[in-house]
Amino acid sequence: MMGGFNLREIMDSARTFRNQRGGGGGDKNSPPPGSPPCSSSYSTSSSSSSSSSPSSSLLSASKTRMTVVQLPPEILAHVFSFLSGRDICSAALTCKLFHEMSRIDRLWQDMAFKEFGIVLFPGQIPSYMQMYAHVIYKYRHLYGLWQPDITHYGGLVQVKFEEGKIVAYEWRVPCDPNYLDPLRRKEIFSIGLSNDGQVRHLCLGGFRGPHKCQISVRSSSNFCSKCDVQESHTHPQSTDEEYREWLREETCNISRFFHPQNQSLSFFKFLLFKQYKCCYEYNRLSIPRPRPQAIIQPGIFKGTYGDHGLELVMLAYEEDGYTVKAKKITGDQNVPANKVTFRADLRYSLILNEQQQMDMDMLVAMRRSSSSVLPENLPAQPFLLPQNCMERGVYVPNQCKARQVMSLLI
């Protein structure tokens, strides 16, 4: 049964193990040769009666003592299946038999799912035990969402176990101005096992295919990556071609950057990224918990920021329960990453008709007459852009639940 414990397969592996040991490994009343003595033993009675009657025979039989190492391998495998990975490793240090039992590979396939929800398929990797010990468990602190520490630009990175290895993805905003499109994904690095069981750290960026890199886990909330082959990230033709290729990945649309303002912003970002030489530090990102009955749930959102393009923000509630704040995940020179871009008080909503939305000056004046009716109690109302505002070629809804009064922090 994939995705959970398959006791039948574990016990079959234990029977194979027993057959390899020659049917039990020696006399039933003695531990395997070379193993330390195990003090644990079992008996059902402490009676010392020696009568030859049937009842006395039962009492005599009950005096037989059995050590843990004399249990059938199938029973030991069943017991081991309830332990954690750390507990199995500790048990393996007690005696030779437990050490050999800990090397039943099927145990570690189930342990990966039990502790991390990771499904390991047959044929993906050379050894389940090596994969668990040297990759899945060793780099357990990497799983989750991260933000690279790149001055005011930041970013969003996800690390997960996929197709027999740990993979890090950078999640990029859609091509501007199509904010309704899904995020774009780019592989950054991977951690896996080679065919001979060696751990491999591979950088997946650049122009020359996968190459070596270093991954250093400093704590459960911080790690860093460093590429070992810098020339792999240099375009084989010229720096101009490298810049153009970077623009294609960054924006999907080179033509819009012919404007002098856009060219200046993008080229500055390109030069800054080159200075890092593919050596980045990452800090963990935590998603706020859902809030029942909230008019808008906390989480990661996409936003439009003019010439700076689309960016990612984290929406969260403050302690009062009705004020939301949006903090930049990806930033720019105007509002850097990790800075709050706006706050909104959800207790006060604007209730507007179509005429009141036609002019920006009228909207500003309406801020002073906001309603104290909670958004969840408001009916749907029309939504229009003022005549002196630009749509930027994106879809604009014609209805909304409420308009909130925000404090822009720019």
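J.: What exactly am I supposed to notice about the overall build of the protein here?
T.: Counting its regular elements, the protein contains 10 helices and 17 strands. Within the span of the protein, comprising 410 residues, buried residues form 38% of the whole. A fraction of 54% describes how many contacts in the protein between residues 6 or more apart in sequence connect residues 24 or more apart. For the protein, the accessible surface area stands at approximately 23,100 Å², while carbon and sulfur atoms represent 53% of it.

J.: So what exactly am I meant to see when it comes to the packing of aromatic side chains here?
T.: Inspection of the entire model under this criterion finds 15 aromatic pairs. Members of the aromatic cluster, each reached through a chain of ring pairs, are Trp108, Phe116, Tyr132, Tyr137 and Tyr143. In this arrangement the basic side chain of Arg185 is found over the ring face of Tyr169, its NZ or CZ atom lying 3.9 Å from the centre. Above the face of the Tyr317 ring, Arg291 is positioned so that its terminal group lies 4.6 Å from the ring centre.

J.: Any chance you could explain the state of the cysteines here in plain terms?
T.: What is meant by a disulfide is a covalent connection between two cysteines, made through their sulfur atoms. Within this structure, the stated rule accounts for 0 disulfides. The thiol sulfur of Cys213 is not disulfide-bonded, and the nearest other cysteine sulfur, from Cys203, lies at 5.6 Å. No disulfide involves Cys278; its sulfur sits 5.3 Å from the nearest other cysteine sulfur, which is in Cys227. The exposure class of Cys278 is buried, given its relative accessible area of 19%.

J.: How should I be thinking about a nonpolar patch on the surface in this particular structure?
T.: Residues Ile295, Ile296 and Phe301 make up a contiguous nonpolar surface patch of about 210 Å² in total accessible area. Following the sequence through the fold, Phe301 ends up in strand 11 (residues 299-304). The exposure class of Phe301 is partly exposed, given its relative accessible area of 31%.

J.: How should the packing of helix 4 (residues 85-92) against helix 6 (residues 105-116) be read in this particular structure?
T.: Two quantities define a packed helix pair, namely the angle between the helix axes and the distance between the axes. Where helix 4 contacts helix 6, the two axes come as close as 10 Å, and the packing angle between them is 140°. Taking contact as the criterion, the partners of Gly85, Ile88 and Cys89 in helix 4 are, on helix 6, Trp108, Met111 and Glu115. Considering only residue class, the contact of helix 4 with helix 6 consists of 4 nonpolar, 1 polar and 1 charged.

J.: Looking at this structure, I do not really get the confidence of the model for the protein. What am I missing?
T.: Low pLDDT means the predicted coordinates in that region are not meant to be read closely. Here the protein shows a mean pLDDT of 81. Residues at 70 or above account for 78%. In the predicted structure, residues 1-5 sits below a pLDDT of 50 and forms 15 contacts with residues beyond four places in sequence or in another chain. Under a pLDDT of 50 for its full length, residues 23-52 has, in the predicted model, 46 contacts with residues more than four places off or in other chains.

J.: For this particular structure, what's the right way to read the environment of Asn178?
T.: Topologically, Asn178 is positioned in the loop between strand 5 (165-172) and strand 6 (184-193). Between the alpha carbons of Asn178 and Leu310 there is a distance of 8.6 Å; along the sequence they are 132 residues apart.

J.: Could you clarify how one ought to interpret the sheet that holds strand 7 (residues 199-203) in this entry?
T.: Sheet strands associate in pairs through backbone hydrogen bonding, adopting either a parallel or an antiparallel arrangement. A barrel is described by the order of its strands in space; here 8 strands give the closed sequence 3-4-5-6-7-8-9-10, paired in antiparallel fashion. Adjacent strand axes in the sheet meet at a mean angle of 35°, parallel and antiparallel pairs treated alike. Together, strand 4 (157-162), strand 5, strand 6 and strand 7 form the strand contacts of helix 7 (residues 128-136), whose direction differs from that of strand 6 by roughly 120°.

J.: Looking at this structure, how should I read the pairing of strand 6?
T.: Along any regular strand the residues' side chains alternate between the sheet's two faces. Pairing between strand 5 and strand 6: 7 bridges, direction antiparallel. Paired with Val167 across the bridge in strand 6 is Ser190. Where strand 6 folds back on strand 7, the antiparallel hairpin that results is connected by 5 residues, among which Gly197 adopts a positive phi of roughly 85°.

J.: How should the pattern of salt bridges be read in this particular structure?
T.: Should the charged atoms of two oppositely charged side chains come close, the side chains can pair. Evaluation of the coordinates by the stated rule reveals 13 salt bridges. Its salt-bridge partner being Glu162, residue Arg185 comes within 4.0 Å of it at the nearest N-O pair. Residue Arg185 is found in strand 6, and its partner Glu162 is found in strand 4; the two are separated by 23 residues along the sequence. The residue Lys328 makes a salt bridge to Asp332 at a minimum N-O spacing of 3.3 Å. For the pair formed by Lys328 and Asp332, the shared burial category is buried. Linked by salt bridges that have partners in common, Glu170, Arg172, Lys186 and Glu249 make up one network.

J.: Would you explain the pairing of strand 13 (residues 323-328) in this entry?
T.: The sheet contact formed by strand 12 (residues 310-317) and strand 13 spans 5 bridges and is antiparallel. Pairing of Tyr317 across the sheet is with Val324, part of strand 13. Joining the antiparallel neighbours strand 12 and strand 13 is a turn of 5 residues, in which Gly321 adopts a positive phi near 85°. In terms of strand pairing, strand 13 meets strand 14 (residues 340-350) through 5 bridges, oriented antiparallel. Opposite Lys327, over in strand 14, you have Val340 as the bridge partner.

Conventions we followed
- Residues numbered from 1 in each chain as written.
- Predicted model: local features only at pLDDT ≥ 70, side-chain atom pairs only at ≥ 80, totals over all residues.
- Heavy atoms only, no water.
- Helix = DSSP H or I, 4+ residues; strand = E, 2+ residues; numbered from the N terminus.
- Buried < 20%, exposed > 50% of the residue type's maximum accessible area, 1.4 Å probe, protein only.
- Contact = heavy atoms within 4.5 Å.
- Areas by Shrake-Rupley, 256 points an atom, 1.4 Å probe, with all protein chains shown as cover.
- Phe/Tyr/Trp six-rings, centres within 6.5 Å; stacked < 30°, edge-to-face > 60°.
- Lys NZ or Arg CZ within 6 Å of the ring centre and 35° of its normal.
- Disulfide = S-S within 2.5 Å.
- Patch = residues over 30% accessible without salt bridge, like charges linked within 9 Å, V, L, I, M, F, W, Y side chains within 5 Å.
- Salt bridge = Lys/Arg side-chain N within 4 Å of Asp/Glu carboxyl O.
- Axes fitted to C-alpha atoms, helices over the stretch in contact; angles between N-to-C directions.
- Nonpolar A, V, L, I, M, F, W, Y, C, P; charged D, E, K, R; others polar.
- pLDDT = per-residue confidence, 0-100.
- Pairing = 2+ DSSP bridges.

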